[in-house]
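Below, each chain spelled out in residue letters.
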Amino acid sequence: SEEEVCTKSPSIPIYACQRKTPVNHLNHHFTCALEALAEGAEFSESDGRALAFRRAASVLKSLPFRVAKIEQLRGVPCLGKHSIRIIQELLDLGACKEVEQIRSNEMNKVMKVFMSVWGVGLKTATRWYRDGLRSLSEVRASPSVKLTRMQQAGFEYYRDLARPVSHVEADTITAAIRALLPNSFITITGGFRRGKDAGHDVDLLLTHPDEGGEVGLLSKLLEHLNEQGSVMFQDYRDNTYKETNAAGFNESKSTMDRFERCFTILRLPLSPRVTSHKDDKVTGRQEVNEAVTSHYTTNLRKKIPEPGERAVRVDFVVCPYSQYAFALLGWTGSQQFERDLRRYASHEKAMILSSHHLFDKQQVRVLTISHTLH
Ligand code: DCP
Ligand code: MG
């Protein structure tokens, strides 16, 4: 029977990057509960506990069967005593008291609302909560709250950004960006590359087949998008990666990469180009349309989307072609997959993986794509 196969078979790897994690799996009932507990643990800054619940949820996603009896989990790694207890209670009673408590906990509910604003992370949400704030309107009314530029945009476009981005919208955006930069490589990364139907943003990786050809791409793109009046917010950060400080980079604990990037809020639909640059070979529509021009410049001033239009979060990341493989790998996610991929590299291969390169600790050298492919 299926059950026998399941109890006997699982030689399930301990690293998420060695397992299949299908978008549609069979154990949502359990993984949602465990992820709620992980989130609760994160809100109270119990990172170790949070990680244990995330790992438990991750391994359940890889199982090719729906868990119906706790015995089926014998030999399955990454399941601690606490997680097993939760699964057992869900199996016995259909619900779990601890999960219900977390879900109805006042602080957790408020923290979730605060963190639903773009630019608000755990630190800010915790501070607001400790300052006695309990709702977004209280935050906005509080004279002591100083919002960052990103948070201001997060409030301004709150409704639009709370609506998931569909994969059709993501593909349309990608196609429009490709039309603006016809000679570069534009790849959709993040959740959409993993096959998700919807996401909270669109992650785009830009590179150029000629090494160095990527320099200036993003500025050019932003210029085009601004001319169209499509940019409602932008936060640009220059590249801070230098080959010569790769060793120092490897020593730092941060998993953030150092690519040139821009966090944006764009207005959909992205209009056809309204001006033409004679040195560009653009494949998209090029008509200069006075009506469109005036329509968008008016709206840029008002910064309020027209009905039927919407604001969408789009992140652009630029990498040199020699780092493309690593950047693509690092930006595809999921977070759990990335975390375990780095752990696998470090613990099993004595290497440090980043979105820039692989660093071999034994050879004490950086492996880029030219080293790895040739
Ligand atoms: N990423 C990362 N570390 C960061 C930021 C991002 O490893 N500090 C990687 C993993 C993510 C991917 O980039 O999967 C994209 O980040 P998102 O936050 O957009 O996550 P997803 O695209 O996976 O989810 P969503 O569908 O909510 O956008
Ligand atoms: Mg994303």
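To be clear, the structure that these remarks concern was listed above.
What you see is a predicted model, and the numbers here were worked out from it, not measured in a lab.

(A) Quick peek at the site of ligand 1. Taken together, 13 residues form the shell around ligand 1, and within it Gly191, Arg194, Lys196, His200 and Asp201 come nearest. In the environment of ligand 1, an oxygen atom lies 2.9 Å from a nitrogen or oxygen atom belonging to the side chain of lysine 196. Between aspartate 203 and ligand 1, the recorded distance is 3.0 Å, taken from a side-chain N or O atom to an oxygen atom. When isolated, ligand 1 has an accessible area of 550 Å², and the protein chains bury 73% of it. For the shell around ligand 1, the secondary structure elements donating two or more residues are α12 (190-193) and α16 (324-332). Residue contributions to the shell around ligand 1 peak at three residues, all from α16. The residue inventory of the shell around ligand 1, partitioned by class, reads two nonpolar, seven polar and four charged.

(B) Summary view of the coordination of the magnesium ion (ligand 2). For the magnesium ion (ligand 2), the protein coordination sphere consists of Asp201 (OD) and Asp203 (OD), at 2.1 to 2.2 Å. Aspartate 203 carries the same exposure label as aspartate 201, and that label is buried.

(C) Molecular detail of the pattern of salt bridges. In the structure shown here, the tally under the stated rule is 12 salt bridges. Between glutamate 45 and arginine 130 there is a salt bridge, and its shortest N-O distance comes to 3.9 Å. Within this pair, whereas glutamate 45 is found in the loop between α2 (28-43) and α3 (47-61), its partner arginine 130 is found in helix α7 (residues 122-130), the two being separated by 85 residues in sequence. In this structure, the salt-bridge partner of arginine 237 is aspartate 235, at a minimum N-O distance of 2.9 Å. Residue arginine 237 is classed as partly exposed on the basis of its relative accessible area, which comes to 40%.

(D) Fine view of the packing of aromatic side chains. Inspection of every chain in the model, using the stated rule, returns five aromatic pairs. Aromatic side chains tryptophan 118 and phenylalanine 233 sit 5.2 Å apart centroid to centroid with 85 degrees between the ring planes, which places their arrangement in the edge-to-face category. Linking tryptophan 118 in the loop between α6 (106-115) and α7 with phenylalanine 233 in strand β5 (residues 231-237), this pair joins segments that are 115 residues apart in sequence. There is no split in this pair, since tryptophan 118 and phenylalanine 233 are both buried. An aromatic cluster is defined as three or more aromatic residues linked by ring pairs; in this entry it consists of Phe185, Tyr321 and Tyr324. Lying over the aromatic face of tyrosine 129, arginine 134 brings its terminal NZ or CZ to 3.6 Å of the ring centre.

(E) Structural detail: unusual backbone geometry. Note that the residue after leucine 268, namely proline 269, is joined by a cis bond; omega there is -5 degrees. Examined against the element boundaries, proline 269 turns out to sit in the loop between β6 (260-268) and α15 (290-302). For the bond running from glycine 333 to serine 334, omega is -5 degrees, close enough to zero to count as cis. One can find serine 334 in the loop between α16 and α17 (335-349). Located in the positive-phi region is glutamate 45, a residue other than glycine, with phi close to 55 degrees.

Each value, and the rule that gives it
- Residues numbered from 1 in each chain as written.
- Chains lettered and ligands numbered in written order.
- Predicted model: local features only at pLDDT ≥ 70, side-chain atom pairs only at ≥ 80, totals over all residues.
- Heavy atoms only, no water.
- Near = heavy atom within 4 Å.
- Polar contact = N/O pair within 3.5 Å; in protein donor to acceptor, adjacent residues only side chain to side chain.
- Areas by Shrake-Rupley, 256 points an atom, 1.4 Å probe, with all protein chains shown as cover.
- Helix = DSSP H or I, 4+ residues; strand = E, 2+ residues; numbered from the N terminus.
- Nonpolar A, V, L, I, M, F, W, Y, C, P; charged D, E, K, R; others polar.
- Donors = N, O, S within 2.8 Å, 3.2 Å for Na, K, Ca; no water.
- Buried < 20%, exposed > 50% of the residue type's maximum accessible area, 1.4 Å probe, protein only.
- Salt bridge = Lys/Arg side-chain N within 4 Å of Asp/Glu carboxyl O.
- Phe/Tyr/Trp six-rings, centres within 6.5 Å; stacked < 30°, edge-to-face > 60°.
- Lys NZ or Arg CZ within 6 Å of the ring centre and 35° of its normal.

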